[in-house]
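# Close look at the chain arrangement
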Amino acid sequence: LSIRQLDWMIHCLQNAKNAGIEDNIINSCIGGREKVTVVDAMAFSSDNGNTKCFDWEGQRLCPWGVHKPWAKTKFLEGDEYLELITYCPEIEALKFFLNK
């Protein structure tokens, strides 16, 4: 799951000077961050519940992809997690199988 183009990702990884944390590698590549807007990133994916559904230009947008949106305990207690589940009910099944 990536918001960036495949050819750019391959070029970035082949020419990376950093090793280790994926975010550091990607952020060190030219053209990595400046081509992705904040709203596009938030609508694309939620990592560990850091982003959730939000209002943008009169629309309610929810992330297209998720990675452990239940990871933030505070997030679980609110209506925001329930809203995300209405858009993607499979989240609860994924949570169940990953916690086995």
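A brief look at the structure comes next. Just so we're clear, the structure is a prediction, and the values are computed from it rather than from any experiment. (Residues numbered from 1 in each chain as written. Predicted model: local features only at pLDDT ≥ 70, side-chain atom pairs only at ≥ 80, totals over all residues. Heavy atoms only, no water.)

## Some words on the state of the cysteines
- One pass over the full model with this rule turns up one disulfide.
- Disulfide partner of Cys53: Cys62, at an S-S distance of 1.9 Å. Measuring the twist about the S-S bond at about 105 degrees, one finds the Cys53-Cys62 disulfide to be right-handed. Each of the two residues, Cys53 as well as Cys62, counts as buried.
- Free of any disulfide, Cys88 has its nearest neighbouring cysteine sulfur in Cys62, separated by 9.9 Å.
- Judged by relative accessible area, which is 27%, Cys88 ranks as partly exposed. (Disulfide = S-S within 2.5 Å. Buried < 20%, exposed > 50% of the residue type's maximum accessible area, 1.4 Å probe, protein only.)

## Some remarks on the packing of helix H5 (residues 79–87) against helix H6 (residues 90–98)
- Their axes nearest at 7 Å, the elements H5 and H6 cross at an angle of 105 degrees. One finds that H5 runs roughly perpendicular with respect to H6. For the pair H5 and H6, contact is made by Tyr81, Leu84 and Ile85 and by Ile91, Glu92 and Lys95, respectively.
- Grouping the amino acids of the contact of H5 with H6 by side-chain chemistry returns four nonpolar, no polar and two charged. (Axes fitted to C-alpha atoms, helices over the stretch in contact; angles between N-to-C directions. Helix = DSSP H or I, 4+ residues; strand = E, 2+ residues; numbered from the N terminus. Parallel < 35°, antiparallel > 145°, perpendicular 65-115°, else oblique. Contact = heavy atoms within 4.5 Å. Nonpolar A, V, L, I, M, F, W, Y, C, P; charged D, E, K, R; others polar.)

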